[in-house]
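# Geometric and topological summary
For reference, the chains in residue letters:
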2 protein chains.
Amino acid sequence: MIDIDRYPVEPWQLREIGVDRDMLGQSESLFALSNGHIGIRGNLDEGDPVELPGTYLNSFYESRPLPYAEAGYGYPESGQTIVNVTNGKLIRLLVDDEPFDLRYGEIVHHERTLDLRAGLLHRSVEWISPSGRTIRVRSSRMVSLTQRAIVAIHYEVEAVEATRVVIQSELVANEELPGLAGDPRVAALLNKPLEFEEHRGVNLRALLSHRTRASKLRVAAAMDHLIDAPDGFATELVVDRDWARVTVGTALEPGQKITLTKYVAYGWSGERSLPALRDQVEAALTAVVHTGWDELVREQRGVLDEFWLGADVEVDGDPAIQQAVRFALFHVYQAAARAEGRAIAAKGLTGPGYDGHAFWDTESFVLPVLTATAPKAAADALRWRLSTIDLALERARTLRLEGAAFAWRTIRGEECSGYWPAGTAAMHINADIAAAAIRQVRWTGDTKFEREIALPLLIQTARLWLSLGYHGHDGRFHIDGVTGPDEYSADVDDNTYTNLMAKANLMCAAEVALRHARDADALGVTDTERGQWEAAAEVMAVSYDHRRGIPAQDRNFNQHDEFPFQVAFDNDQYPLLLHVPYFGLYRRQVVKQADLVLALHWCGNHFSAEEKARAFSYYETLTVRDSSLSACTQAIVAAEVGQLGLAHDYLREAALMDLHNLENNTRDGLHIASLAGAWLALVAGFGGMRDHGGQLSFSPQLPDGMTRLAFFVRWQDVRLRVEVRPEQVEYSITDGPDGHVTLQHYGESFTVHVGAVVTLPVKRVAPLTGPPRQPVGREPQRIGDHSPGKAVPGSLS
Amino acid sequence: MIDIDRYPVEPWQLREIGVDRDMLGQSESLFALSNGHIGIRGNLDEGDPVELPGTYLNSFYESRPLPYAEAGYGYPESGQTIVNVTNGKLIRLLVDDEPFDLRYGEIVHHERTLDLRAGLLHRSVEWISPSGRTIRVRSSRMVSLTQRAIVAIHYEVEAVEATRVVIQSELVANEELPGLAGDPRVAALLNKPLEFEEHRGVNLRALLSHRTRASKLRVAAAMDHLIDAPDGFATELVVDRDWARVTVGTALEPGQKITLTKYVAYGWSGERSLPALRDQVEAALTAVVHTGWDELVREQRGVLDEFWLGADVEVDGDPAIQQAVRFALFHVYQAAARAEGRAIAAKGLTGPGYDGHAFWDTESFVLPVLTATAPKAAADALRWRLSTIDLALERARTLRLEGAAFAWRTIRGEECSGYWPAGTAAMHINADIAAAAIRQVRWTGDTKFEREIALPLLIQTARLWLSLGYHGHDGRFHIDGVTGPDEYSADVDDNTYTNLMAKANLMCAAEVALRHARDADALGVTDTERGQWEAAAEVMAVSYDHRRGIPAQDRNFNQHDEFPFQVAFDNDQYPLLLHVPYFGLYRRQVVKQADLVLALHWCGNHFSAEEKARAFSYYETLTVRDSSLSACTQAIVAAEVGQLGLAHDYLREAALMDLHNLENNTRDGLHIASLAGAWLALVAGFGGMRDHGGQLSFSPQLPDGMTRLAFFVRWQDVRLRVEVRPEQVEYSITDGPDGHVTLQHYGESFTVHVGAVVTLPVKRVAPLTGPPRQPVGREPQRIGDHSPGKAVPGSLS
């Protein structure tokens, strides 16, 4: 639980006042910086104390065996785990021979600020050493968005009294990590994962090169330094196999300062030679030294200004959400900005959680945000998926299927899931990828992307569905034995979300293949095959609960036994997966995360308003939100069916997941998809934004207390601004070459021209059901709502 | 594939002429001896060459970690693996300094004979050493059925020419085993699993005591020797940490013999002290030396005579089956005879397959045979199950269920299954145990057993079902998310076999609890609870395929997609589990092993003859028999529905599984359940024996070519003999104190009196369907049928 006095609610920054050692791990994640290529956790400059040191390079991993008590055909034998690479952010300080360490001496002042517009993490400290010397330290760090290989730190020490000061700036490989449990083979690979290859050092520059044992990936890290200090300082350079150190020593008079600017460059490759990699990082270093700190800061601001111009969300009436959504957008953006053909992992590059794997989170939660706000980053992420297609084609063959079966969890494309019912069987990821690709096409109108990226993704996933499903005796196309988003069910028949997403996948594949006939032909698509896709899509089975008059999560789910929620609540058994075996979950009506409700969002055009209201209400009674991927979708659909207060509560859960450490695991990295979900909950929830069939539409309505919601999205070539107030909505656009766009407002088309504002009235949805109820103990907690009489701050688990 | 010239078909023995090194592993299993407490593989006396050395003590195991790529709540963390203990059967021979080894020199004659009436394995060899000395070796070995701790070997060497002879009789611990793959933690525990504790030696007697590292079980093995030789022989004793050796050296003139009688005694305990165990084995050794070889042989014969009196099956017209069924009965009996409160493993004590675990095979395939032929052994096996009930109660609590959830696979009672969908979820094992208990009660009329063993088993399993299932909105009692016998489906709803077995379990529990009200009361059973059991049983859901007019394997199975058998056949993909992922199997209509057909057998009273015929015919098209537990059940139901030729083919598969090594894994141990299945296929199949509701009934009919089938069963206090000929059946009894029993013949009751023979006519069933078809490539192979034009000898895989 966050302390609001320590982390004040402010619109454009996340500030920590003082330092709380119990929150160290969480703060390391919250203050993580990244550009999608490099990620550094918010560890203290001086390295100690530390919860989890972390420096990551996107897709730099170690392989490890995946063990099974009982193996089965097609089980992946090798997993991938992100590696904590050479730490270049380390700057130690000695004050009159005493190490600057927050655990000793006296902290007069300590503040860290993540500046969401500048893309910098600032720190200012005033510290009295155990022997009584007072110093002030100010540091700023960044992972550059313009110079992809670069981390830069500006480190300043000011003496209050006359003091001898020594600064040690380091590269450290193979840092000690908290206990690696379990399989000794895994521990052997991941404990000190880097094997020494080369070290070099000259003047204030040093380089270390290492290689992983099993995956055989090479990493080089180099640092260089500029020093600004009173005359008479001394420097020293030492390099060893696993560390390099530049030392600067000087004596400061009262009020004098020493400033160290540190540049660190990273490079890695599984292919390139050691000399090639060495040259690459040294070149990057030379370039950044030439750029200089001030210009680097300006560049960083420039990139972020451009991002916020098309992405910002303004919220009046809920300052915690205002802060949270910008924090969320910042982290989503920096997780992806320069990933450039590599994965966006579930934790971004903020921590080692989930082994650094990417899941369907990327396409289903993160890319909807990026397509609308930073479309180039979204396109890059889909390029990464396509880059794994040969592995996906091979995986499909292993599974005796046609087309491509993309990995459920992976870093480089190989399936790394060690439990197939919640991995391999979760085939919806393929439709999620297809949906993200078609969304990107529809939002950007980028036909080159459509032809080169979307087309092969759509074709190979359509082939997968056609081989996976079958035409039943009832004339319907069925998809049996798959796992939908809800991981408390598995291997089910006709999961509605999966089927509707597959239906769209098949239809879009047929459309796009027709539009790009020559390219489709080159991939072997015939008219017959297109016809088969269309035919399957046409008769796709949708599970329905006739007794309740609602779509059903799958063919059998709604007939299952009730789950004893009261027992679970009485025995403190949430999250259920830590207390109840799969065997006790799968056979009952209990939902880990929005599944049918996710279909209500993304495939909402298949259902009537009444069906949606009833279905939402029914599934609310079953959904325990044991996944961080749930609350945002519940917020969106709650808003659609007129349950605005509930939507607001779920928005808070999604948006404050990490700021309030709701799942007690923020230390392992941020929940990037939940952060993206904060934006979705606001824009698709209270903005009512949908893009069914490529038609952008809005049905805005604000919850009580929220007096204004304004957001930008990039649609086609325009920047669209939507400003929602309780009674009216203003639509306006900039940058459009055509000068106008056609949108929908509550289902009615209208046109907006550049420079003009279209103002339309808000229509609030009258709820068709009573207030939905949740399983006992799983009601939303109204986190961060500090208005009197409502406050129930606390953790979910 | 067995060579009929090497293993001639003979009615009362299994004889091997010559020695085939390619079949060494298989012969080691076929010639394994056991008393259910000790098991020794048919390794050559001299140890080398060897495929898999094996000496096992029932339930002597090592613990090992069960690893998971992704762990889940309730997964067992520790497995159990049977340990190859100190080898006491080793007798090496040197002939003029050259070791007697079949790989060198010349084999003039080599023959091994397993005598099914004597319970002895004989061997006779004439061998010319590389330097030209001819010797004859005759050995006989046994695992005593009367002296449970004892292995005895009678070893005789005869010189054809004057020769120096040295015999080395050994105990060897930690024999080298073929490669242990995978997890290094497991290899560390199972490679040299025995830690030295003590050795002792005096005169010709030696003792070694060891202990396992993780499970902390202690084993002591001791040997003693009697020597009969011409004067002037010398002896020597050496004992070391992992071996002990008695050496006898002498010079033999032509025609002279030296005879060594070796007694080995074993003891093990997890509780008893080293001195206690040492005394125990030495006492056993002293006792058997006092008994002497000849008397031991007489005792052995006596026990087996008594067994065969109530168990023998005579088959005219199919000599291979005549031999096979006696071979089968012998192995089933010796796997269980002296197990006395320990498990009957899937491989008995004949090899290390399945880690030495016991499964539902015991209750569902082995115990029906033992209850009818060796009821004391069956009662002991159920006593073993009951001895694990505390673990089963605990397991149920872990699974959030009431009552007892017995282990799917185990040695000592702890769940050792590492893949829950085909382990924990296979809840039917609990009903199988209950069924075995109630069967034992009904066949023996043993009310002490009913009260002490059956009652608690029935009550705790009934509680399990009541907590596992639920009353649905349709008024039926449903059991969802379980796995039936067919392991190519998993986590299904209302598996018909499971539900009908659970129904019987609940009803019998209510009956027996009423009959033993005071004992039931002590276990907390109230009238209300009994009423709940009855109510659930009353409305138990039975899945039905209305389109086809047959009971369905489960609620959804029959709507699933067809399996592409032709593709599997064309690509040589049988058995499917080695070529197709579970994901490709579970979602389709493909059956690994009889499941609904097993329900047709054991719960056949719930279906009409027409339903059975149609259902059998339908499931035949889907059943690939990738399990050795399938053919026997298919034989039984094929016979019932009048498909006698097909029944005969399946009988052959079940009966010849090991003799013909049909699954290519007989080297790992015999398929005890399939051997039991041979008896079931004859007695329940062609004998048409059923015991629905405790009423013993027969509907005999012989297939073409089988001219007579006679069998004994023990029913209540009588020995019943049924002799079936093509046109008539003779029923007779002996030993009955009441003087008569009432049976059914094709549903009509009749009475048999002691000494009288009741002769009744055979009624052959007219098939209600055409000849059933199997998946392409999985037709029965008519193994061992050497009549002209039909012979397709070969392996299943």
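Up top is the structure these notes are about.
Report on the accompanying structure. What you see is a predicted model; the values in this text were computed from it and never measured.

## Concerning the sheet that holds strand β27 (residues 697-698) of chain B
Residues and elements named next belong to chain B. Here 3 strands make up an open sheet; going across it, the order is β27-β31-β32 and the pairing mixed. Every interior strand has two partners, whereas the edge strands, β27 and β32 (748-753), have only one. Two elements, strand β31 (residues 740-745) and β32, share 6 bridges in a ladder whose sense is antiparallel. Of the residues in β32, the one forming a bridge with Val741 is Val752.

## Points about the sheet that holds strand β14 (residues 194-202) of chain A
Residues and elements named next belong to chain A. Pairing within the open sheet is antiparallel, and its 9 strands lie in the order β1-β9-β10-β11-β12-β19-β16-β15-β14. A single partner strand is all that each edge strand has here, and the edge strands are β1 (13-17) and β14. Pairs of neighbouring strands in the sheet enclose a mean axial angle of 15°, with direction left out of account. Across 9 bridges, strand β11 (residues 134-143) lies against strand β12 (residues 150-159) in antiparallel orientation. Counterpart to Arg136 in the pairing with β12 is Glu158. Lying over the sheet, helix α3 (residues 274-291) contacts β12, β14, β15 (205-212), β16 (218-228) and β19 (257-269), oriented at roughly 145° with respect to β19. Across the face of the sheet, helix α5 (residues 319-336) comes into contact with β1 and β9 (106-115) while running at roughly 70° to β9.

## Here's the deal with the pairing of strand β5 (residues 61-65) of chain B
Consecutive side chains along a regular strand alternate between the two faces of the sheet. Residues and elements named next belong to chain B. For β5, the tally of buried residues reaches 4 of 5 residues, placing the bulk of the element in the interior. For β5 and strand β6 (residues 78-82), the ladder comprises 5 bridges, and the chain directions are antiparallel. Paired with Arg64 across the two strands is Gly79, which belongs to β6.

## Brief notes about the relation of the copies chain A and chain B
One copy of the chain maps onto the second through a rotation about an axis and a displacement along it. Superposition record for chain A on chain B: RMSD 0.0 Å, screw rotation 180°, translation along axis 0.0 Å. Both chain copies can therefore be described as sitting about a two-fold axis. Within chain A, Tyr68 of chain A has its C-alpha nearest the rotation axis, a separation of 2.4 Å. When you check the interface residues of chain A against chain B, 100% turn up at the interface there too, and the contact is symmetric in its surfaces.

## Quick word on helix α11 (residues 496-515) of chain A
Taking 1.5 Å per residue as the helical rise, α11 of chain A with its 20 residues ought to reach 28 Å, and the 28 Å between its terminal C-alpha atoms agrees with that figure. Counted residue by residue, α11 of chain A has 15 buried out of 20 residues, so it is predominantly covered.

## Points about the interface of chain A and chain B
Contacts between the two partners involve 53 residues from chain A, matched on the other side by 53 residues from chain B. Note on chain A versus chain B: buried area summed over both sides is about 4,300 Å², and carbon and sulfur give 56% of it. Between chain A and chain B we count 2 salt bridges in total. For Glu70 of chain B, the salt bridge is made with Arg409 of chain A, and the minimal N-O distance between the two is 3.5 Å. Between chain A and chain B we count 19 residue pairs in polar contact (both at pLDDT 80 or more) in total. Within the residue set of the side of chain A that touches chain B, elements represented by two or more residues are α2 (184-190), α10 (447-468) and α15 (582-586) of chain A. Of the residues forming the side of chain A that touches chain B, the biggest block, 3 residues, is contributed by α15 of chain A. Its residues assigned to classes, the side of chain A that touches chain B comprises 24 nonpolar, 15 polar and 14 charged.

## Quick notes on helix α8 (residues 389-398) of chain A
Since the α-helix advances by 3.6 residues per turn, residues separated by three or four positions end up pointing in the same direction. Residue and element names in this part refer to chain A. Taken together, the buried positions of α8 are occupied by Ile389, Ala392, Leu393, Arg395 and Ala396. Within α8, the buried residues cover an arc of 160° as seen down the axis, which keeps them to one side. Turned more than 90 degrees away from the buried face of α8, the exposed residues are Asp390 and Arg397. Buried residues along α8 sit in contact with α7 (375-387) and α10.

## As for the pattern of salt bridges
Two side chains of opposite charge can pair, provided their charged atoms sit close to one another. Taken as a whole and assessed by the stated rule, the structure comprises 123 salt bridges over all chains. Notably, a salt bridge pairs Arg690 of chain A with Glu640 of chain A, separated by 2.7 Å at the nearest N-O pair. Note that Arg690 of chain A is positioned in the loop between α20 (672-686) and β27 (697-698) and Glu640 of chain A in helix α18 (residues 631-640), a separation of 50 residues in sequence. Taking the relative accessible area as the measure of exposure, Arg690 of chain A reaches 10% and is therefore buried. Residue Arg326 of chain B pairs with Asp312 of chain B through a salt bridge whose shortest N-O separation is 2.8 Å. Residue Arg326 of chain B is located in helix α5 (residues 319-336), and its partner Asp312 of chain B is located in the loop between α4 (293-309) and β20 (313-316); the two are separated by 14 residues in the primary sequence. Relative accessible area serves as the criterion here: at 5%, Arg326 of chain B is assigned to the buried category.

## Observations concerning unusual backbone geometry
Cis geometry marks the peptide bond from Asp48 of chain A to Pro49 of chain A, where omega comes out at -10°. Within the secondary structure, Pro49 of chain A is located in the loop between β3 (38-40) and β4 (55-57). Here Tyr574 of chain A and Pro575 of chain A are connected by a cis peptide whose omega angle stands at -5°. In this fold, Pro575 of chain A is placed in the loop between α14 (565-570) and α15. Despite not being glycine, Asn203 of chain B has its phi angle at roughly 55°, a positive value. Backbone geometry at Asp491 of chain B places phi at a positive 55°, although glycine is not the residue there.

## Considering the environment of Gly747 of chain A
Summarising the element assignment, Gly747 of chain A is placed in the loop between β31 (740-745) and β32 (748-753). Linking Gly747 of chain A and Ala522 of chain A, residues 225 residues apart in sequence, is a C-alpha distance of 39 Å.

## Regarding the packing of aromatic side chains
The tally for this structure, following the rule as stated, stands at 50 aromatic pairs over all chains. Here the aromatic rings of Tyr582 of chain A and Trp420 of chain B are separated by 6.3 Å at their centres, their planes lie at 25°, and the arrangement is stacked. Here Tyr582 of chain A is found in helix α15, whereas its partner Trp420 of chain B is found in the loop between α8 (389-398) and α9 (428-444) on a different chain. Tyr582 of chain A gets classed as buried once you look at its relative accessible area, which sits at 17%. Residue Trp420 of chain B is classed as buried on the basis of its relative accessible area of 7%. One aromatic cluster is present, formed by Tyr68, Tyr75 and Trp420 of chain A together with Tyr419, Tyr582, Phe583 and Tyr586 of chain B through successive ring pairs. Arg326 of chain B extends its terminal NZ or CZ atom over the ring of Trp12 of chain B, reaching a point 3.7 Å from the ring centre.

## Points about the packing of helix α18 (residues 631-640) of chain B against helix α20 (residues 672-686) of chain B
Residues and elements named next belong to chain B. Orientation of α18 relative to α20, taken along the N-to-C sense of each, is 10°, at an axis distance of 8 Å. Taken together, α18 and α20 sit at an angle that is classed as roughly parallel. Touching Cys632, Ala635, Ile636 and Ala639 of α18 are Gly677, Leu680, Ala681, Ala684, Gly685 and Phe686, all from α20. Residue composition of the contact of α18 with α20, grouped by class: 8 nonpolar, 2 polar and no charged.

Calculation rules
- Residues numbered from 1 in each chain as written.
- Chains lettered and ligands numbered in written order.
- Predicted model: local features only at pLDDT ≥ 70, side-chain atom pairs only at ≥ 80, totals over all residues.
- Heavy atoms only, no water.
- Pairing = 2+ DSSP bridges.
- Helix = DSSP H or I, 4+ residues; strand = E, 2+ residues; numbered from the N terminus.
- Axes fitted to C-alpha atoms, helices over the stretch in contact; angles between N-to-C directions.
- Contact = heavy atoms within 4.5 Å.
- Buried < 20%, exposed > 50% of the residue type's maximum accessible area, 1.4 Å probe, protein only.
- Least-squares fit on C-alpha atoms with pLDDT ≥ 70 in both.
- Expected span 1.5 Å × (residues − 1).
- Buried area = accessible area lost by both parts, 1.4 Å probe.
- Salt bridge = Lys/Arg side-chain N within 4 Å of Asp/Glu carboxyl O.
- Polar contact = N/O pair within 3.5 Å; in protein donor to acceptor, adjacent residues only side chain to side chain.
- Nonpolar A, V, L, I, M, F, W, Y, C, P; charged D, E, K, R; others polar.
- Arc of directions from axis to C-beta.
- Phe/Tyr/Trp six-rings, centres within 6.5 Å; stacked < 30°, edge-to-face > 60°.
- Lys NZ or Arg CZ within 6 Å of the ring centre and 35° of its normal.
- Parallel < 35°, antiparallel > 145°, perpendicular 65-115°, else oblique.

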